[in-house]
Amino acid sequence: MFSDIGALELVTLVVLAVLVFGPDKLPKVIQDVSRFIRKIREFSDSAKQDIRSELGPEFKDFEFEDLNPKTFLRKQLESNEDLKELKELRGTFDLKKEMNEVADAVHGRETAPAPASSAAPAAVNGSPDLLKKQDKPDTGERPPYDSDAT
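Residues numbered from 1 in each chain as written. Predicted model: local features only at pLDDT ≥ 70, side-chain atom pairs only at ≥ 80, totals over all residues. Heavy atoms only, no water.

J.: How should I be thinking about the overall build of the protein chain in this particular structure?
T.: Counting its regular elements, the protein chain contains four helices and two strands. Starting at the N terminus, the α and β elements of the protein chain follow one another as α-α-α-α-β-β. Burial statistics for the protein chain: of 150 residues in total, 5% are counted as buried. A sequence separation of at least 24 residues applies to 13% of the contacts in the protein chain between residues at least 6 apart. Surface accessibility of the protein chain: about 14,300 Å² in total, with carbon and sulfur atoms responsible for 60%. (Helix = DSSP H or I, 4+ residues; strand = E, 2+ residues; numbered from the N terminus. Buried < 20%, exposed > 50% of the residue type's maximum accessible area, 1.4 Å probe, protein only. Contact = heavy atoms within 4.5 Å. Areas by Shrake-Rupley, 256 points an atom, 1.4 Å probe, with all protein chains shown as cover.)

Set out below in C-alpha cells:
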C-alpha cells in the first residue's frame, strides 16, 4: 500500500497528523481509519464473490486483475501455442536492415558498390539519377524550361 512513499514523506505525514489531531486524539483516529479500510475491503470482497456467483461455474477462475489490458494480453500470450512461432518470426525480421534498404532505394543507392562512372550522370534501371548534382550550365546557357513547374 505504501510502496511508493519514501521514508521522508512518511515522517512528514506522521508529524502532520500529530499536529492536526494532537497526540491525545491520534490513536482514536488511527483506529477509526483502520476500521474504515477494513470495512471497505470486506465490502469489496463480498462484491467480488457476488459477481463470481452470478457469472456461473464457467468463470470460476476469473480474476478481476485480468481486466487490466497488460495482464490480459500477457496471460493470453503465455497460454498461446503460437508464441514460439511468433518469436521465431520476430527473430527473422531485422528492422534496421529493412530501413537501410528502404533508405538506399529512396536515395538511389545500390546495396553493392557501384562502379565508377564517367562524366555522364549515373542511370539506375535506365533512368537518370535525379539526386546526383548536375554540372552547372555555362554562364551563357539558359536552364531548361519546365512548363509543369510554373
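J.: Honestly, a nonpolar patch on the surface in this entry has me stumped. Any pointers?
T.: Judged by side-chain polarity, Leu 10, Leu 13, Val 14 and Val 18 come together as a nonpolar surface patch covering roughly 320 Å² of accessible area. Counting through the fold element by element, Val 14 comes out in helix α1 (residues 7–55). Val 14 sits in the partly exposed class, given a relative accessible area of 47%. (Patch = residues over 30% accessible without salt bridge, like charges linked within 9 Å, V, L, I, M, F, W, Y side chains within 5 Å. Salt bridge = Lys/Arg side-chain N within 4 Å of Asp/Glu carboxyl O.)

J.: Help me understand helix α4 (residues 95–107) in this model?
T.: An α-helical turn contains 3.6 residues, so any two residues separated by three or four positions project in the same direction. Look at α4: 18 Å from first C-alpha to last across 13 residues, which is about the 18 Å you get at 1.5 Å a residue. Just beyond α4, the residue with positive phi is Gly 108, at close to 75 degrees. (Expected span 1.5 Å × (residues − 1).)

J.: Before we go on, may I ask you to explain the confidence of the model for the protein chain in this structure?
T.: Low pLDDT marks regions whose predicted coordinates should not be analysed in detail. Chain-level statistics for the protein chain give a pLDDT mean of 77 and a share of 73% at 70 or above. For the stretch residues 113–122, pLDDT sits under 50, and the model shows nine contacts to residues farther than four places along the chain or on other chains. (pLDDT = per-residue confidence, 0-100.)

J.: Explain the pattern of salt bridges to me, please; I cannot follow it from the model alone.
T.: As a working rule, side chains carrying opposite charge can pair if their charged atoms are close by. Tallied over the full model, the rule gives two salt bridges. The residue Asp 32 makes a salt bridge to Lys 28 at a minimum N-O spacing of 3.3 Å. Of this pair, Asp 32 and Lys 28 both sit in helix α1, four residues apart, which is roughly one turn of that helix. Assessed through its relative accessible area of 32%, Asp 32 is described here as partly exposed.

J.: How should I be thinking about α1 in this particular structure?
T.: Between the first and last C-alpha of α1 there are merely 43 Å, a value that for 49 residues lags more than 12% behind the 72 Å anticipated at 1.5 Å per step. Largest kink in α1: about 100 degrees, centred on Gly 22, with the proline Pro 23 one to four residues after it. Along α1, the residues that are buried comprise Gly 22, Leu 26 and Arg 52. At the exit of α1 stands Gly 56, carrying a positive phi of roughly 100 degrees. (Bend = angle between axes of the 7 residues up to and from the residue.)

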